[in-house]
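Listed below, chain by chain, are the residues.
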Amino acid sequence: MAYTVIVKGTPRSIRSSSRSRTTWKNKVANEARKKFSRPLTDNDLRIKIAIFYNGIPTFDADNVSKPICDALCGIAYNDDSQIIERIVRMRSLDGAYRIKGIPPEVAVAMCEGEDFVWIEISKVGREVENL
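These lines cover the structure that appears in this document, whether it is placed above or below. (Residues numbered from 1 in each chain as written. Predicted model: local features only at pLDDT ≥ 70, side-chain atom pairs only at ≥ 80, totals over all residues. Heavy atoms only, no water.)

1. Considerations on the packing of helix α1 (residues 18-33) against helix α2 (residues 61-72)
Step number 1: Taken N-terminus to C-terminus, the directions of α1 and α2 make an angle of 50°; their axes are 8 Å apart at the nearest point. Overall, the two elements α1 and α2 adopt an arrangement that is oblique. Considering how the two elements wind past one another, α1 and α2 form a crossing that is right-handed. Across the interface between the two elements, Arg21, Trp24, Lys25, Val28, Ala29 and Ala32 of α1 pack against Pro67, Ile68, Asp70, Ala71 and Leu72 of α2.
Step number 2: Of the residues belonging to the contact of α1 with α2, the class tally is 8 nonpolar, no polar and 3 charged. (Axes fitted to C-alpha atoms, helices over the stretch in contact; angles between N-to-C directions. Helix = DSSP H or I, 4+ residues; strand = E, 2+ residues; numbered from the N terminus. Parallel < 35°, antiparallel > 145°, perpendicular 65-115°, else oblique. Left-handed = near helix turned anticlockwise from the far one by under 90°. Contact = heavy atoms within 4.5 Å. Nonpolar A, V, L, I, M, F, W, Y, C, P; charged D, E, K, R; others polar.)

Here it is in structure tokens:
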């Protein structure tokens, strides 16, 4: 089972001001609380983060993913150490995409045309993927 969290707005980097980063982390946490009644306890979780943006991004994928993962601690999972796989992608909202099996809330966010982050958390299967 995969859990989907949509956070509207421009993400903040680990390098953003403390105030800006805290506001962003609170926003992520509030959206996650809507999906999780309690933290997952599995020790083999995968997090996928897709950042959809307008214009030219002023952040990089790695530095934006860290505050997101921190904000999810205690809500989606108990500790970052439960995440054994992290995938982060950045995509312009000006692009054309084919996304199979897209969750309805992602489609709505894409149609609205404003910056947003799509977070998906799931248990890693036994499959071995090519790197």
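2. A few points about the pairing of strand β4 (residues 116-123)
Step number 1: The buried fraction of β4 amounts to 7 of the 8 residues, a majority that puts the element mostly inside the structure.
Step number 2: Looking at chain direction, strand β1 (residues 2-8) and β4 are connected through 7 bridges and run antiparallel. Residue pairing in the sheet places threonine 4 in a bridge with glutamate 120 of β4.
Step number 3: Pairing analysis gives 8 bridges linking strand β2 (residues 45-53) to β4, with the strands arranged antiparallel. Directly across from phenylalanine 52, in β4, lies its bridge partner phenylalanine 116. (Buried < 20%, exposed > 50% of the residue type's maximum accessible area, 1.4 Å probe, protein only. Pairing = 2+ DSSP bridges.)

3. Quick look at the side chain of serine 92
Step number 1: Take serine 92: it is sitting in strand β3 (residues 83-92).
Step number 2: A residue is classified by how much of its surface remains accessible, and serine 92, at 18% relative accessible area, is buried.
Step number 3: Apart from the residues lying within four places of it in its own chain, the contact partners of serine 92 are Tyr53 and Tyr97.

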